[in-house]
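# Geometric and topological summary
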Amino acid sequence: MNEKDIPKLEHMAIWAEDIDKAAAFLDTALGWKRHPLVFGVAEDNEVFGGMDLAFVDPNGPWLELVQPTTDGPGMEFMRQKGKGALVELDFSVNDFQKNIEIMKGKGIELIGMDGKPLKDGGLLQEWVLNGKGERVLADELLSYLPFDIARGTSIELFWEYPNGAVILRDEMVKGKELTPKSAPRLDHVVVLAADLEETAKVYTDILELKRHPMDAGVSRQWMGMGGEQHAWIQGNHNNFWIEIVAPAGDAKGALETLGEGAMVELDVEVGDIEAFFDEMLAKGVLMTAGDATPLLTGAKAVTDDASGDRYAYFPLDKSEGMRIMVFERGPANSSIYARRDQTWRQ
């Protein structure tokens, strides 16, 4: 595949029970700003179902908050996964029809969001509010890797027409800073795998993304795997990563409860995790060691013994169901994240 044809991770979708509340939490807790674009999918859409949508800038790939408004695939996902669930990796492609042919050459027939063959060539007509407060059409082409081939992860491959919502989004903030660069930075997303190497091949062999040679990662106690395997995939050219995590032994833990291919968390870098803990506590948020597991008495973070990296999680009842880990890098000679970036640059 030519370099220009390699998909780029452009945004990730999160099911929201209430996009206003979800966006407000991300702003209050992390300083991530909501984009002013107002858009959605019409309620009579047979393939997708009705949706209200919003973009949030996390100092990384955009987050797309999705609030289903009618029955359809979106509402079904919401019922299955629950509010705050990460549900899609959304990759932009340079040429939609060419990408379909590339995938056919790999023996893959791309499908629609509903799991059926592409309808109308994959066309999705969203609506956006124009300057007069009127709904106008915004067009894009969408396709998905079959769920089994993607090993349980919803992977979208899309292309925007000039009037598409992503194009309009970028034009509206061109030359402007939405979220301050000083705000916490979205560093990577975590995907669960039953077989580390087979899942890694989805990204390296099918999407032709680059894999980091490092196989280390921070141990997350809440996952209950008793040991983990790790693979790092470069999601785009802006130093954003997809971390694949699989059990290293017989204990399945989160893999058994959440399922293969589940996008389980967003991982966010902060400069001082103890100061961040105090800031959140002042806002009425007590950070945890993951899900409902409390931090040790007196501790403001979990310290990974091997790397010195430190992390904590937002409680799910405060984060609108979004599982978000914040971390601070450990010493440069031992930190997983420092070693990842240093060796990649070399």
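Before any of the text, the structure's been laid out above.
Residues numbered from 1 in each chain as written. Predicted model: local features only at pLDDT ≥ 70, side-chain atom pairs only at ≥ 80, totals over all residues. Heavy atoms only, no water.

## Describing the overall build of the chain
From N to C terminus, the chain includes 8 helices and 16 strands. A principal-axis box enclosing the C-alpha atoms of the chain has dimensions of 55 × 45 × 40 Å. Nonlocal contacts in the chain, meaning residues at least 24 apart in sequence, comprise 69% of its contacts between residues at least 6 apart. Averaging the coordinates of the 35 positive side-chain charges in the chain and doing the same for the 59 negative ones gives two points 3 Å apart. (Helix = DSSP H or I, 4+ residues; strand = E, 2+ residues; numbered from the N terminus. Contact = heavy atoms within 4.5 Å. Lys, Arg positive; Asp, Glu negative; His and termini not counted. Charge placed at Lys NZ, Arg CZ, Asp CG, Glu CD.)

## Considering the side chain of His11
Checked against the element boundaries, His11 lands in strand E1 (residues 8-15). Residue His11 is classed as buried on the basis of its relative accessible area of 3%. Here the side chain of His11 touches Glu10 through a polar contact of 2.6 Å, side chain to side chain. Beyond its immediate sequence surroundings of up to four residues, His11 is in contact with Phe55, Pro61, Trp62, Glu64, Glu88, Leu89, Asp90, Glu156, Phe158 and Val166. (Buried < 20%, exposed > 50% of the residue type's maximum accessible area, 1.4 Å probe, protein only. Polar contact = N/O pair within 3.5 Å; in protein donor to acceptor, adjacent residues only side chain to side chain.)

## Let's talk about the nonpolar core
One finds Leu145, Tyr203 and Phe314 to be the most contacted residues of the largest nonpolar core, which totals 88 residues. In terms of residues, this core owes the most to one element, helix H1 (residues 19-30), which gives 7 residues. Counting residues in each nonpolar core, the second largest holds 25 residues, with Ala85, Val128, Ala138 and Val166 among its members. (Core = buried A, V, L, I, M, F, W, Y, C linked by side-chain atoms within 4.5 Å.)

## Notes on the packing of aromatic side chains
The relation between two aromatic rings is expressed through the spacing of the ring centres and the mutual angle of the planes. If you walk through the whole model with that rule in mind, you get 10 aromatic pairs. Here Trp232 and Tyr337 contribute two aromatic rings whose centre-to-centre distance is 6.3 Å and whose plane-to-plane angle is 90 degrees, an arrangement assigned as edge-to-face. Taken as a pair, Trp232 in strand E11 (residues 228-234) and Tyr337 in helix H8 (residues 336-345) lie far apart in primary sequence, 105 residues in all. Accessibility expressed as a relative area gives 0% for Trp232, which makes it buried. Exposure remark for Tyr337: the relative accessible area of 1% places this residue in the buried category. Between Phe276 and Phe314, the ring centres sit 5.9 Å apart and the planes meet at 75 degrees, which makes this aromatic pair edge-to-face. Remark: Phe314 occurs in the loop between strand E15 (310-313) and strand E16 (324-328) and Phe276 occurs in helix H7 (residues 273-282); sequence separation between them is 38 residues. As far as the burial class goes, Phe276 and Phe314 line up, both buried. What links up through ring pairs into an aromatic cluster is the set Phe25, Phe276 and Phe314. Looking at Arg135, its charged tip hangs above the ring of Trp127, at a distance of 3.8 Å from the centre. (Phe/Tyr/Trp six-rings, centres within 6.5 Å; stacked < 30°, edge-to-face > 60°. Lys NZ or Arg CZ within 6 Å of the ring centre and 35° of its normal.)

## Points about the pairing of E11
The element E11 is largely enclosed, with a buried count of 6 among its 7 residues. Bridge count for E11 against strand E12 (residues 241-247) is 7 bridges, and the pairing is antiparallel. Bridging from a neighbouring strand, Glu228 pairs with Pro247 of E12. The antiparallel hairpin formed by E11 and E12 contains 6 residues in its connecting segment, where Asn239 sits at a positive phi of about 60 degrees. (Pairing = 2+ DSSP bridges.)

## Observations concerning the pairing of strand E13 (residues 263-269)
Counting buried positions along E13 gives 7 out of 7 residues, so the element sits mostly inside the fold. Relative to E13, strand E10 (residues 185-192) runs antiparallel, the two sharing 6 bridges. Paired with Val189 across the bridge in E13 is Leu266.

## Concerning helix H3 (residues 96-105)
Those residues of H3 not exposed but buried are Phe96, Asn99, Ile100 and Met103. The buried residues of H3 occupy an angular sector of 105 degrees when projected down its axis, which confines them to one face. Its buried side turned inward, H3 meets strand E8 (135-144), strand E9 (155-160) and helix H5 (196-206). Between a side-chain oxygen at the N-terminus of H3 and the backbone nitrogen of Gln97 the separation is 3.2 Å; the capping residue is Asp95. (Arc of directions from axis to C-beta.)

## Overview of helix H4 (residues 165-172)
For an α-helix the count is 3.6 residues per turn, leaving residues at separations of three or four pointing the same way. For H4, the full list of buried residues reads Ala165, Val166 and Arg169. Within H4, the buried residues cover an arc of 100 degrees as seen down the axis, which keeps them to one side.

## Digging into the side chain of Asp5
Note that Asp5 resides in the segment before E1. Since its relative accessible area comes to 5%, Asp5 is described here as buried. Not counting chain neighbours up to four residues away, the residues in contact with Asp5 comprise Asn94, Lys98 and Ile102.

## Structural notes on the pattern of salt bridges
Here the structure, examined in full by the defined rule, presents 26 salt bridges. For Asp71, the salt bridge identified is with Arg79, shortest N-O distance 2.9 Å. A single salt-bridge network, built from bridges that share partners, covers Arg185, Asp187, Glu269, Arg329, Arg340 and Asp341. (Salt bridge = Lys/Arg side-chain N within 4 Å of Asp/Glu carboxyl O.)

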